[in-house]
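Residue-level structural notes
Here is what each chain is made of, one letter per residue.
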Amino acid sequence: MPATTWPPLVPGRLCSAAVLVGTATHVVPGTLPPLPQAEASVAALAARLTGPLGLLDPSAVHCRIDPQVPADVLRLLPAPGGAALDLCLFYFAGHGVLGEDQRLCLALPGSVDDERSAERTSLPVAAVFQAMRQIRAEHKVAILDCCFSGRALDAPAAADIHLLTAVGRTRKALSPEGQELTGFTGALLRLLAEGVPDGPEHLDLTTVYRHLAVTLPGARLPAPLQRAFGASGDLAVARNPAHGTSRTRQGLLARARFAEQVKALGLAGRPRRSVQAALLFEGIASDAVRELGPTHYETLLYRHVHASATGESGNPRQACALLERTVADWETVAPAGDTGLEAARASRDHWRSRIA
């Protein structure tokens, strides 16, 4: 999405704490399958948050794999009444199970997946939120990578906590076969590693969510949910490794790939995404003209895609006008039989035919 000019809130490295929990094994026969990706996801996220581009000090990040009882998790959270923090982050990767009244519980190794036993054998997410409410922190964030994690939004105790969930209230989170990480956390970590070329210097939670809301469905994974509290959407979670590269050839290509994913969502029946894609391609084409020149081959390709996206967003007349100019410029530099030019001409003729 377009870069924001709103300054992010960067938490102090020594004034932040995180608890990362994963449940990978399950000991009750015939209930929940093992999830080794949960353990790997915790380790990978911890490394990213404390690495060169991370914002947290390793001493303040506490990881726990396969906690046996809720207290094993809750005791890792900062103590109530302790020193004031900029950020308290809680992350869980594992199975989500539903208790009575469809309340979300975070599975432990001994969890039983039925509503009569879930809350007794698991960690009710409400208990985590209740504990977080007692912590003195400017910002409290919970990232839940589990089935039905969207139900966390219904917990009254989560009212002042920023929530980012892997799926909605009725969806199951997925861990693609053969992948080391869960689907959601894998996408999150790729985003933090690759960055956003036209994004801010720091990746804030809103930027993270906007990109995951495109890239996850683009990978045939469930769409995430987010709910911000106050200014929590501006909270930075990592430095942006791609910051300042938006007009480089590599940055333009990365932006175009993302815009293509947005366009695909539009073509799949989400009209708002088609409009967004056209705007994204407009910015890409404009920057390519400025940096590479109007008749550079890559610029012409971006101009073609921008025009087509404009038509797909519901403006065939503007698409035709853009393609007329693109084709005219292309013809001044194209060698005989240029397939790109032929494709642009075909697009021009297509949108010309669609004008009433």
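Here's what I pulled together on the structure shown here.

The rules behind each value
Residues numbered from 1 in each chain as written. Predicted model: local features only at pLDDT ≥ 70, side-chain atom pairs only at ≥ 80, totals over all residues. Heavy atoms only, no water. Pairing = 2+ DSSP bridges. Helix = DSSP H or I, 4+ residues; strand = E, 2+ residues; numbered from the N terminus. Axes fitted to C-alpha atoms, helices over the stretch in contact; angles between N-to-C directions. Contact = heavy atoms within 4.5 Å. Parallel < 35°, antiparallel > 145°, perpendicular 65-115°, else oblique. Left-handed = near helix turned anticlockwise from the far one by under 90°. Buried < 20%, exposed > 50% of the residue type's maximum accessible area, 1.4 Å probe, protein only. Polar contact = N/O pair within 3.5 Å; in protein donor to acceptor, adjacent residues only side chain to side chain. Phe/Tyr/Trp six-rings, centres within 6.5 Å; stacked < 30°, edge-to-face > 60°.

Bringing the sheet that holds strand β7 (residues 137-145) into the picture now. With mixed pairing, 6 strands are arranged side by side in an open sheet as β2-β1-β3-β7-β8-β10. For this open sheet the edge positions go to β2 (61-65) and β10 (225-227), each flanked by a neighbour on one side alone. Going from strand to strand, the sheet's axes swing by 10° on average, the running direction of each strand aside. Against the sheet, helix α1 (residues 36-50) touches β1 (16-22), β2 and β3 (85-93), its axis set at about 165° to β1.

In the contact formed by helix α10 (residues 316-331) and helix α11 (residues 339-354), the axes pass within 9 Å of each other and the chain directions differ by 155°. By the criterion of interaxial angle, the relationship of α10 to α11 is roughly antiparallel. Two packed elements cross with a definite hand, and for α10 against α11 that hand is left-handed. Residues P316, A319, C320, L323, E324, V327, W330 and E331 of α10 touch α11, and the partners they reach there are G340, L341, A344, R345, S347, R348, W351, R352 and R354.

Here we come to unusual backbone geometry. For D66, which is not glycine, the phi dihedral falls at a positive 55°. Along the chain, the position of D66 falls in the loop between β2 and α2 (70-74). Of note, Q102 is a non-glycine position whose phi angle comes to about 60°, a positive value. Positionally, Q102 belongs in the loop between β4 (96-98) and β5 (104-106). Taking the relative accessible area as the measure of exposure, Q102 reaches 34% and is therefore partly exposed.

Closest axis-to-axis distance for the helix α9 (residues 297-312)/α11 pair is 11 Å, and the angle between their directions is 20°. One way to sum up the angle between α9 and α11 is to call them roughly parallel. Along this stretch, α9 crosses α11, giving a crossing that reads as left-handed. Residues Y297, H304, S308, G311 and E312 of α9 form the contact with α11, whose own contacting residues are G340, A343, A344, S347 and W351.

On the secondary structure map, S111 appears in the loop between β5 and α3 (118-121). Reaching out from S111, the side chain makes a polar contact with the backbone nitrogen of L108 at a distance of 2.7 Å. Within the structure, S111 has its side chain in polar contact with the side chain of S122 (distance 2.7 Å).

Turning to the packing of aromatic side chains, a few remarks are in order. Going through the model one piece at a time under the given rule, you end up with 1 aromatic pair. With 5.9 Å between their ring centres and 85° between their planes, Y297 and W330 make a pair best called edge-to-face. Of this pair, Y297 sits in helix α9 while W330 sits in helix α10, and the two are 33 residues apart along the sequence.

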